[in-house]
Amino acid sequence: MTIDVENQIWTITQEVVSDLGYELVDIELTGNRSQLAIRVYIEKSGGILLSDCVVVSRNLGERLDEKDVIEKSYRLEVSSPGIERPLRKIQDYERYLGHRLRIRLKGRLKGKRKIVGQLVEVEENFVCLLFESGEKVSFSLADIAKANLDVDWEMEFQGLKNKN
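Numbers given to residues run from 1 along each chain, matching the order in which its sequence is written. Whole-chain, interface and lining totals are the exception, using all residues; otherwise, since this is a predicted model, local features are given only for residues with pLDDT of at least 70 and side-chain atom pairs are given and counted only at 80 or more. Values shown for side chains rest on all heavy atoms present in the structure; no hydrogens or waters enter the calculation.

Participant: Any chance you could explain the overall build of the protein chain here in plain terms?
Facilitator: Numbered from the N terminus, helices here are DSSP runs of H or I no shorter than four residues, and strands are runs of E no shorter than two. Along its length, the protein chain carries four helices and eight strands. With a 1.4 Å probe rolled over the protein chains alone, any residue whose accessible area is under 20% of its type maximum counts as buried; one over 50% counts as exposed, and the rest are partly exposed. A burial count over the protein chain gives 35% of its 164 residues as buried. Two residues form a contact once any of their heavy atoms are found within 4.5 Å. A fraction of 53% describes how many contacts in the protein chain between residues 6 or more apart in sequence connect residues 24 or more apart. Note on areas: Shrake-Rupley with a 1.4 Å probe; residue coverage comes only from the protein chains shown. By element, 47% of the accessible surface of the protein chain is carried by carbon and sulfur atoms, the whole surface being about 10,400 Å². Counted charges follow a simple rule, with Lys and Arg positive, Asp and Glu negative, and His plus the chain ends left uncounted. Charged groups are reduced to one reference atom each: NZ for lysine, CZ for arginine, CG for aspartic acid, CD for glutamic acid. One finds the centroid of the 25 positive side-chain charges in the protein chain at a distance of 6 Å from the centroid of its 28 negative side-chain charges.

In structure tokens:
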């Protein structure tokens, strides 16, 4: 698949998702020679329901078929990004200021590619994380290969136990 086709898929998906009143969180394009898998992650305030995914899937599938940008067969999946949602845009980082992030860097930071810390600052295209050690580190969004919210599952389970 060419970069042009990927860009067209992104553009069409963004248009359809926005027109329907949702936010496009991410798209994953995977697959093999015979079939492409398009995974679309959407969000809206109050959360995503199965019916939201169905509406987006039907509308997006129709638009992709109408534009005929994909030469081979494809499988379209639409879902919520989940509790450990990815962060892609600067707006995502601004929205989740104060949250813990799990980041995979393109390069290394003090010998590590994977880091976890609290997002304490977002400025232009730079973010600052606070590590448990108390150390703060700033780096460019361009240095990030992948970023997700990092849920402390022990604390979540502890909270559930305390409610019962």
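Participant: Looking at this structure, I do not really get the pairing of strand β5 (residues 112–123). What am I missing?
Facilitator: Consecutive side chains along a regular strand alternate between the two faces of the sheet. Pairing geometry for strand β4 (residues 100–109) and β5, over six bridges, is antiparallel. Counterpart to Arg100 in the pairing with β5 is Gln118. Criterion used throughout: strands pair if DSSP finds at least two bridges between them. Hairpin remark: β4 followed by β5, antiparallel, with two residues in the connecting loop; positive phi at Lys110, about 50°. Bridge count between β5 and strand β6 (residues 126–130): five bridges; the pairing is antiparallel. Bridging from a neighbouring strand, Leu119 pairs with Leu129 of β6. Adjacent in sequence and paired antiparallel, β5 and β6 are bridged by two residues, among which Glu124 carries a positive phi angle near 50°.

Participant: So what exactly am I meant to see when it comes to the pairing of strand β1 (residues 23–31) here?
Facilitator: Of the pairings in the sheet, the one linking β1 to strand β2 (residues 35–43) comprises eight bridges and is antiparallel in character. Note that in β2 the partner of Thr30 across the bridge is Ala37. In sequence, β1 turns back onto β2 through a hairpin of three residues.

Participant: Just checking my understanding: could you explain the sheet that holds β4 for this structure?
Facilitator: Working definition: the strands of a sheet are paired by backbone hydrogen bonds and lie parallel or antiparallel to each other. Overall, antiparallel pairing links the five strands, which are arranged β7-β6-β5-β4-β8 in an open sheet. Looking at the sheet topology across the chains shown, the edges are occupied by β7 (136–140) and β8 (144–149). Within this sheet the neighbouring strands show an average axis-to-axis angle of 40°, counted without direction. Of the pairings in the sheet, the one linking β4 to β8 comprises five bridges and is antiparallel in character. Paired with Arg102 across the bridge in β8 is Asn148. Every axis corresponds to a line fitted to the C-alpha atoms, with the helix fit spanning only the stretch in contact, and the corresponding angles, defined between N-to-C directions, vary from 0 to 180 degrees.

Participant: Would you mind going over the layout of surface pockets with me for this structure?
Facilitator: If you roll a probe as big as a water molecule over the atoms, it shows you where there is empty space left. Cavities and pockets are found on a 1 Å grid laid over the protein atoms alone: a cavity is a set of points where a 1.4 Å probe fits but cannot escape, a pocket is an open set with protein on both sides within 12 Å along at least five of seven lines, and a lining residue has an atom within 4 Å of such a point. Grid points are joined across faces, edges and corners, and a volume is the space filled by probe spheres set on the points. By volume, the largest pocket is sized at about 290 Å³. Forming the walls of the largest pocket are 14 residues, and the residues nearest its centre are Leu87, Arg88, Ala145, Lys146 and Ala147. Going through the elements one at a time, β1 and β8 are the ones with two or more residues in the lining of the largest pocket. Under this grouping Gly is polar, as are all residues other than the nonpolar Ala, Val, Leu, Ile, Met, Phe, Trp, Tyr, Cys and Pro and the charged Asp, Glu, Lys and Arg. Tallied by class, the residues present in the lining of the largest pocket amount to eight nonpolar, one polar and five charged.

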